[in-house]
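One-letter residues, chain by chain:
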Amino acid sequence: MPHPVRQRILITGASSGLGEGMARRFARMGRDLALAARRTDRLEALRDELLAAHPGIRVVTAALDVDDAAAVEKVVPELAGKLGGIDRFVANAGIGKGAPVGTGSAWANRATLFTNVLGTHAQCEAAVELFRARGSGHLVVVSSVASIRGMRGTRTAYGASKAALNALAERIRSDLLGTGIRVTTVLPGFIATDINVGRRGPFTVDLGTGVDALTAAIEREPVRAYVPEWPWRPVSALLRVLPLPVVRRLA
Ligand SMILES: NC(=O)c1ccc[n+]([C@@H]2O[C@H](COP(=O)([O-])OP(=O)(O)OC[C@H]3O[C@@H](n4cnc5c(N)ncnc54)[C@H](OP(=O)(O)O)[C@@H]3O)[C@@H](O)[C@H]2O)c1
């Protein structure tokens, strides 16, 4: 069944990288935007830029730390309400700190698991509650190709956090099958942003290429999308079956 145009889009982690890039692409498509992150100075500068470039759209912003579940529960409906509701929620906020387990950096691994798993869970709760009330909407969970198999070192906790998101998104999808609410899991490959400075993996693409592929994938609303599709769909299939000594070299 063709899906409706998702006119009002809430994006978390919109203050940099993929979130900021998606905001620019969706604004160019004439969509209304609700943008959230902790760095509000950057959100406000982005809002001003987008409103100047696309005078017909609406852009609203809010400070949000996704680690604070109570704040997510409060801010998401408030922000959505400023647009009269939302049609799509992109749970994009995330961090990529980390070190091999047992090397004295438990705090970094814990922070990554906390923000990526519990922060995204809090966002899903708030978004799906809004969508359930209307009987429709599109939830997008930003995972990673690092979720697929044993990437190590700086990606140990990160990959595990994103694997948890794949599982969470699938179970939310299962809860919602047969309703008007769609759930998409996107698995970006390596796209040059602040999250991976100094530790970019193979097949890294520039931000523009990555964001174009990401927004196009989200617009199609599949169950799961690899971004960019080439080479990450076949590479992901390979990762699933290759022996761990080979897989770990990709980290
Ligand atoms: N770039 C890649 O290669 C790649 C690959 C696969 C998946 N991803 C995923 O894509 C998403 C975006 O990452 P990116 O590459 O665009 O990195 P980025 O430039 O570092 O952006 C991360 C965004 O998340 C926000 N964020 C982090 N912690 C937050 C918190 N506690 N509360 C609210 N917002 C928070 C940041 O905003 P504030 O600091 O202003 O709060 C920032 O806007 C992440 O989920 C990441 O795991 C990226």
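Above this text sits the structure in question.
Figured I'd write up the structure that's included with this text. Note that the structure is predicted; figures quoted are calculated from it, not measured.

**Some details on the site of the ligand**
Around the ligand, the structure places 31 residues, and the nearest of them are Ser15, Leu18, Arg38, Tyr158 and Thr193. Here Gly17 contributes a backbone N or O atom positioned 3.5 Å from an oxygen atom of the ligand. Take Asn196: an N or O atom from its side chain is 3.0 Å from an oxygen atom of the ligand. At the level of secondary structure, the elements contributing two or more residues to the shell around the ligand comprise helix H1 (17–28) and helix H5 (156–176). The class makeup of the residues in the shell around the ligand is 13 nonpolar, 12 polar and 6 charged.

**Side note on helix H7 (residues 229–241)**
Here H7 contains 13 residues, and its C-alpha end-to-end distance of 19 Å stays within 8% of the 18 Å for a straight helix at 1.5 Å per residue. Looking at the buried residues of H7, the elements they touch are strand E7 (224–227) and helix H8 (244–247).

**Some words on the environment of Leu139**
Its location among the elements puts Leu139 in strand E5 (residues 136–142). Along the primary structure Leu139 and Glu129 are separated by 10 residues, whereas in three dimensions their C-alpha atoms are 11 Å apart. Aside from chain neighbours lying at most four places away, what touches Leu139 is Phe89, Cys124, Ala127, Val128, Phe131, Ile172, Arg182, Val183 and Thr184.

**As for the packing of aromatic side chains**
Each aromatic ring pair is summarised here by two numbers: the centre-to-centre distance and the angle between the ring planes. Under the defined criterion, the tally for this structure stands at 2 aromatic pairs. Aromatic pair Phe203 and Trp232: ring centres 5.6 Å apart, planes at 85°, arrangement edge-to-face. With Phe203 in the loop between strand E6 (180–188) and helix H6 (207–220) and Trp232 in helix H7, this pair connects stretches of sequence that are 29 residues apart. With relative accessibility at 45%, the residue Phe203 sits in the partly exposed group. Given a relative accessible area of 0%, Trp232 falls into the buried group. Following the ring pairs from residue to residue traces out a cluster consisting of Phe190, Phe203 and Trp232.

**Quick word on the nonpolar core**
If you look at the biggest cluster of nonpolar residues, it comprises 32 residues, and the most contacted ones within it are Leu64, Phe89 and Leu139. Listed by contribution, the elements that provide at least two residues to this core are strand E2 (32–37), strand E3 (59–63), helix H3 (69–82), strand E4 (88–91), helix H4 (106–134), E5, H5 and E6. Counting 28 residues, the second-largest nonpolar core is a separate cluster that includes Met22, Leu33, Ile191 and Val205.

**Notes on the sheet that holds E3**
Here we have 7 strands laid out as an open sheet, ordered E3-E2-E1-E4-E5-E6-E7, and parallel in their pairing. Edge positions in the sheet fall to E3 and E7, since each has one partner strand and no second. Adjacent strand axes in the sheet meet at a mean angle of 15°, parallel and antiparallel pairs treated alike. With 3 bridges joining them, strand E1 (residues 8–12) and E4 adopt parallel strand pairing.

**A word on the packing of H3 against H4**
Taken N-terminus to C-terminus, the directions of H3 and H4 make an angle of 35°; their axes are 9 Å apart at the nearest point. In this structure, the crossing between H3 and H4 has a hand that is right-handed. Residues Ala69, Val72, Val76, Pro77 and Ala80 of H3 lie in contact with H4, whose contacting residues are Ala122, Gln123, Ala126 and Leu130. Looking at the contact of H3 with H4, its residues break down into 8 nonpolar, 1 polar and no charged.

**Details of the pattern of salt bridges**
This model, assessed by the stated rule, comprises 16 salt bridges. Ionic pairing is found between Arg58 and Asp32, a salt bridge with its closest N-O pair at 3.4 Å. Pair noted here: Arg58 is in the loop between helix H2 (40–53) and E3 and Asp32 is in strand E2, with a separation of 26 residues, a long-range link. One salt bridge connects Arg88 with Glu221, and the closest N-O pair in it is separated by 3.1 Å. One end of the pair, Arg88, is in strand E4; the other, Glu221, is in the loop between H6 and E7, and 133 residues separate them in sequence. Residue class for Arg88 comes out buried when judged on its relative accessible area of 1%. Connected through shared salt-bridge partners, Arg6, Arg31, Arg88, Arg182, Glu219 and Glu221 make up one network.

Criteria and thresholds
- Residues numbered from 1 in each chain as written.
- Predicted model: local features only at pLDDT ≥ 70, side-chain atom pairs only at ≥ 80, totals over all residues.
- Heavy atoms only, no water.
- Near = heavy atom within 4 Å.
- Polar contact = N/O pair within 3.5 Å; in protein donor to acceptor, adjacent residues only side chain to side chain.
- Helix = DSSP H or I, 4+ residues; strand = E, 2+ residues; numbered from the N terminus.
- Nonpolar A, V, L, I, M, F, W, Y, C, P; charged D, E, K, R; others polar.
- Expected span 1.5 Å × (residues − 1).
- Contact = heavy atoms within 4.5 Å.
- Phe/Tyr/Trp six-rings, centres within 6.5 Å; stacked < 30°, edge-to-face > 60°.
- Buried < 20%, exposed > 50% of the residue type's maximum accessible area, 1.4 Å probe, protein only.
- Core = buried A, V, L, I, M, F, W, Y, C linked by side-chain atoms within 4.5 Å.
- Pairing = 2+ DSSP bridges.
- Axes fitted to C-alpha atoms, helices over the stretch in contact; angles between N-to-C directions.
- Left-handed = near helix turned anticlockwise from the far one by under 90°.
- Salt bridge = Lys/Arg side-chain N within 4 Å of Asp/Glu carboxyl O.

The quantities given are spatial measurements derived from coordinates; they are silent on function.
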